[in-house]
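Remarks on the overall topology
Chain by chain, the residues run as shown.
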Amino acid sequence: MMKPRVFADFHNADPQGRLRLNCNGTLEDLTQQGIELKEGIPLKLYSEDLEADGVVQFSPEEKIWVAAIDWKAIERH
């Protein structure tokens, strides 16, 4: 199964290093693809020149959805 490809701002990480999934580009991609965020959903996250696999989590501290990624496995394009 292919992971949905969703924009993420790699400069918008929380203190745990998870990408916040609340920027306009992310929300637009989620809406266009009809994705409802839930715990454990795998995503392919991208920006202009970066790409990484992530897993959706909910941040109870910030009350927003985030994605845990492996910062050492980021692909550059």
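Our subject is the structure that appears above.
Because the structure is a prediction, the values reported are computed rather than measured.

Parameters at a glance
Residues numbered from 1 in each chain as written. Predicted model: local features only at pLDDT ≥ 70, side-chain atom pairs only at ≥ 80, totals over all residues. Heavy atoms only, no water. Helix = DSSP H or I, 4+ residues; strand = E, 2+ residues; numbered from the N terminus. Buried < 20%, exposed > 50% of the residue type's maximum accessible area, 1.4 Å probe, protein only. Pairing = 2+ DSSP bridges.

Moving on to unusual backbone geometry. With phi around 60 degrees, lysine 63 is a residue other than glycine that occupies positive phi space. By secondary structure assignment, the location of lysine 63 is in the loop between β4 (50–59) and β5 (64–69). The class for lysine 63 is exposed, based on a relative accessible area of 63%.

This part takes up the pairing of strand β3 (residues 42–46). Within β3, four of the five residues are buried, which leaves it mostly tucked inside the rest of the structure. Note: strand β1 (residues 5–7) against β3, three bridges, orientation parallel. The residue of β3 that forms the bridge with valine 6 is leucine 45. By the bridge criterion, five bridges tie β3 to β4 in an arrangement that is antiparallel. Each residue of the ladder has a partner; that of proline 42, found in β4, is valine 55. From the end of β3 to the start of β4, which pair antiparallel, there are three residues.

What is shown is where atoms sit, not what they do.
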